Amino acid sequence: MKYENQKQRALCDALEDLKRLQDLLTNSWSKYYGHLFTKIVGSDTIPFFLLTTESSMMRIYDSKMKLETCYFRIEAVEKSKQQITLSLLRAIDSEENETNVIKDIVRLEKTDSQVTINLRSILAVQLLEPALLSRDLYVEKW
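Residues numbered from 1 in each chain as written. Predicted model: local features only at pLDDT ≥ 70, side-chain atom pairs only at ≥ 80, totals over all residues. Heavy atoms only, no water.

Q: Provide a residue-level description of the overall build of the protein chain, including the pertinent values.
A: The helix and strand tally for the protein chain stands at two helices and seven strands. Starting at the N terminus and walking to the C terminus, you meet the elements of the protein chain as α-α-β-β-β-β-β-β-β. Within the span of the protein chain, comprising 142 residues, buried residues form 38% of the whole. When contacts within the protein chain are restricted to residue pairs at least 6 apart in sequence, those whose partners lie at least 24 apart make up 60%. Entry remark: accessible area of the protein chain is about 9,000 Å², with carbon and sulfur atoms responsible for 52%. (Helix = DSSP H or I, 4+ residues; strand = E, 2+ residues; numbered from the N terminus. Buried < 20%, exposed > 50% of the residue type's maximum accessible area, 1.4 Å probe, protein only. Contact = heavy atoms within 4.5 Å. Areas by Shrake-Rupley, 256 points an atom, 1.4 Å probe, with all protein chains shown as cover.)

Q: Before we move on, can you summarise unusual backbone geometry with the specific residues and values?
A: At Ser55, a residue that is not glycine, the phi angle is positive and equals roughly 65 degrees. The phi dihedral of Lys66 is positive, around 50 degrees, even though this residue is not glycine. Relative to the helices and strands, Lys66 is located in the loop between β2 (60–62) and β3 (67–69).

Q: Could you give me a rundown of the pairing of strand β5 (residues 83–92), with the residues and numbers involved?
A: Each regular strand displays side chains that alternate between the two surfaces of the sheet. Counting buried positions along β5 gives nine out of 10 residues, so the element sits mostly inside the fold. Turn length for the strand β4 (residues 71–78)-β5 hairpin, with the two strands adjacent in sequence and antiparallel, is four residues, and the turn residue Gln82 shows positive phi of about 55 degrees. As paired strands, β5 and strand β6 (residues 107–118) are joined by nine bridges and run antiparallel to one another. In the strand pairing of β6, Arg90 is matched with Glu109. (Pairing = 2+ DSSP bridges.)

Q: Residue-level account of the pattern of salt bridges, with values.
A: Under the criterion given, the structure shown has 11 salt bridges. One salt bridge connects Glu96 with Arg107, and the closest N-O pair in it is separated by 3.0 Å. Separated by 11 residues along the polypeptide, Glu96 in the loop between β5 and β6 and Arg107 in strand β6 bring together distant segments of the chain. Under the relative-accessibility criterion, Glu96 is labelled partly exposed at 48%. Of the charged contacts in the structure, one is a salt bridge between Asp104 and Lys103, with a shortest N-O distance of 3.4 Å. The class of Asp104 is partly exposed, set by a relative accessible area of 30%. Residues participating in the shared-partner salt-bridge network are Arg90, Glu96, Glu98, Arg107 and Glu109. (Salt bridge = Lys/Arg side-chain N within 4 Å of Asp/Glu carboxyl O.)

Right, here's the structure in full:
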């Protein structure tokens, strides 16, 4: 039990750190350079996926948006409740179709859909390239 608590605390700390970094991207501003960090990264989001205790990627389905995804943006961490609030990211492949196959993703799109999950079933967090949120895709047709 003690080991489980330490593991959950470490996961919460990592997610809080991720939230702080993402807030830095979003909220930092300079009177000379504006929102330079956001411009450098190309996005205000640090995308990630979660691995469950069963060693699989966590999938969440939003029935209103008819969206199933494994890719998220962190919105809030409630350390005392061991909960996080996530925004769902839509994964798009090179043919502009939704996909959850990581090797096929060329772009991630933010959605308005949010969920709150308990961290007890989460084993790890894996960051993705933020450029996936700002990538332009050019497809030549022959």
